[in-house]
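Here is how the chains run, residue by residue.
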Amino acid sequence: MSRQSVVALLALALISLARLAGATPADPVAAAGNTPPARASLGQFEHDVLSIVALRNEADRLAGAAVLARAVPDLPSVLTYQTFLARAEAAPGAGAAVQWVALGNCGKVGPQPEDCINVRALARLEKLAPENAAVWLLAFDRARQRGDDKAAREALTRAAAATEFSTYYGVLLHAVLETTRALPMSAALVHELAGADGNAYAVTYMIAAGNIMYLPTPSLAPVFEACKAPGKDATLRAQCTRIAHLLTWGDTVIAHAAGLALQERLADSAAARAHVAAERRTLAWQTQQYAAQVLKARNDRALAARLVQLVLQGGTENSIQLALLRSAGIDTTPPLDWQAGQ
């Protein structure tokens, strides 16, 4: 049930090479210089930044620390996922984004959490964010798994009546990125993670994006199944059409792609299907180009700094993607002869 975006998978792969084997902010590596001594251990670096963030009391910052801490082994009790999450929930101003992190507080706690949902956090989200379709799609999936048809219908109705689809991607990516930036990153660690030509901006982004991918997100397969053949059920068709719209304008690229796929399935004419297919092609182009830019940023300090700046400015995954492409001068519409998969 975790999010699996192209960029998040790319980020995780790059960081795993080491772990398992406005104004532009100042470069953390340049700020570090040669003092303190360079550390080549990602685990030690993450331990150190968590120690710094532990002194903070802002809910979102503590939630970001919880996300990062989940993947770090052998932490003292004051720096664990559970401790940071409990502090985030108790902090002033704790809202829906914190409860979204708490959704994953179930099953085995580790870098790859169990595919489950914390029902207490879900209940709190239903009260804190009743206009968020993502919350009700989680409830819909859970009701389907329990065989509770009545609760499933109610959750689907609430999802269709919502005004947005949000997994708090931008807020939480910002929070984890700020956690990672709590200390300067040594040149030795940067080079260990990103090669001799790597830069700290890219590495901090990769760490943040790689950890964000493990946050819960609604499984959309049950919705697609429910909307597979609405037939003459006008109410179901209207609900499915509304959910498709909300997904298309959701806060992640995966939601956007799923919304377009559902729109295409529900389209009632060849012209409508062709229009949606063209939008899906455009999104595939944008995502491919963005992934290439993120990979390039590993060895392009200016590009990586721009990427970090966009995350810190706030926004959705979709808006960050488009802004980076435009700032790089890349056309957001594909060439006429381009096909997905090229």
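Everything numeric here is computed off the predicted structure, so don't read it as measured data. (Residues numbered from 1 in each chain as written. Predicted model: local features only at pLDDT ≥ 70, side-chain atom pairs only at ≥ 80, totals over all residues. Heavy atoms only, no water.)

**Q** Explain the overall build of the protein to me, using residue names and the numbers behind them.
**A** Helix and strand content of the protein: 18 helices and 0 strands. A total of 342 residues make up the protein; the buried ones form 51% of that total. For the protein, the accessible area works out to roughly 15,100 Å², and carbon and sulfur atoms hold 55% of it. (Helix = DSSP H or I, 4+ residues; strand = E, 2+ residues; numbered from the N terminus. Buried < 20%, exposed > 50% of the residue type's maximum accessible area, 1.4 Å probe, protein only. Areas by Shrake-Rupley, 256 points an atom, 1.4 Å probe, with all protein chains shown as cover.)

**Q** Residues and numbers for unusual backbone geometry, please.
**A** Positive phi is not limited to glycine here, since Asp74 has a value of about 60 degrees. Mapped onto the elements of the fold, Asp74 is located in the loop between α4 (59-69) and α5 (81-90). Look at Tyr168: it is not a glycine, yet its phi comes out positive at around 60 degrees. Counting through the fold element by element, Tyr168 comes out in the loop between α9 (149-160) and α10 (169-180). Among the residues examined, Tyr168 registers a relative accessible area of 12% and is labelled buried.

**Q** Please give an account of the state of the cysteines that cites residues and values.
**A** The tally for this structure, following the rule as stated, stands at 2 disulfides. Note that Cys106 is cross-linked by a disulfide to Cys116, the S-S spacing being 2.0 Å. The chirality of the disulfide connecting Cys106 with Cys116 is right-handed, given an S-S dihedral of about 110 degrees. Residue Cys106 is found in the loop between α6 (96-102) and α7 (119-128), and its partner Cys116 is found in the loop between α6 and α7; the two are separated by 10 residues along the sequence. (Disulfide = S-S within 2.5 Å.)

**Q** Which residues make up the layout of surface pockets, and what values go with them?
**A** What the largest pocket holds in volume is close to 290 Å³. Thr248, Trp249, His256, Gln286 and Leu322 are the residues nearest the centre of the largest pocket, which is lined by 13 residues in total. Those elements that place two or more of their residues in the lining of the largest pocket are α15 (253-266), α16 (270-297) and α18 (317-327). The element contributing the most residues to the lining of the largest pocket is α16, with 4 residues. (1 Å grid on protein atoms, 1.4 Å probe; cavity = no way out; pocket = protein on both sides within 12 Å on 5 of 7 lines; lining within 4 Å. Points joined across faces, edges and corners; volume = space filled by probe spheres on them.)

**Q** How would you sum up the packing of aromatic side chains? Please name residues and give values.
**A** Per the stated rule, a full pass over the model turns up 2 aromatic pairs. Centre to centre, the rings of Trp285 and Trp338 are 5.4 Å apart; their planes meet at 75 degrees, and the pair counts as edge-to-face. A residue pair is termed long-range when its members are at least 10 positions apart, and Trp285 in helix α16 and Trp338 in the segment after α18 qualify at 53 residues. The cationic tip of Arg70 hangs over the ring face of Tyr81; the distance from NZ or CZ to the ring centre is 4.3 Å. (Phe/Tyr/Trp six-rings, centres within 6.5 Å; stacked < 30°, edge-to-face > 60°. Lys NZ or Arg CZ within 6 Å of the ring centre and 35° of its normal.)

**Q** Go over the packing of α15 against α16, please, and point to the residues and values.
**A** Remark: α15 packs on α16, axes separated minimally by 9 Å, with the N-to-C direction vectors making an angle of 160 degrees. As judged from the angle between their axes, α15 and α16 are roughly antiparallel. As α15 runs across α16, the sense of the crossing is left-handed. Seen from α15, the contacting residues are Val253, His256, Ala257, Leu260, Ala261, Gln263 and Glu264; seen from α16, they are Arg273, Val276, Ala277, Glu279, Arg280, Leu283 and Thr287. Its residues assigned to classes, the contact of α15 with α16 comprises 7 nonpolar, 3 polar and 4 charged. (Axes fitted to C-alpha atoms, helices over the stretch in contact; angles between N-to-C directions. Parallel < 35°, antiparallel > 145°, perpendicular 65-115°, else oblique. Left-handed = near helix turned anticlockwise from the far one by under 90°. Contact = heavy atoms within 4.5 Å. Nonpolar A, V, L, I, M, F, W, Y, C, P; charged D, E, K, R; others polar.)

**Q** Quick rundown of the environment of Ala65? Include the residues and the values.
**A** Looking at where Ala65 falls in the secondary structure, it is placed in helix α4. Linking Ala65 and Thr80, residues 15 residues apart in sequence, is a C-alpha distance of 8.9 Å. Apart from the residues lying within four places of it in its own chain, the contact partners of Ala65 are Leu50, Val53, Phe84 and Thr179.

**Q** Just give me the short version of α5, but keep the residues and values in it.
**A** For α5, the set of buried residues is Tyr81, Phe84, Leu85 and Ala88. Each buried residue of α5 sits inside an arc of 100 degrees when the element is viewed along its axis, so together they form one side. (Arc of directions from axis to C-beta.)

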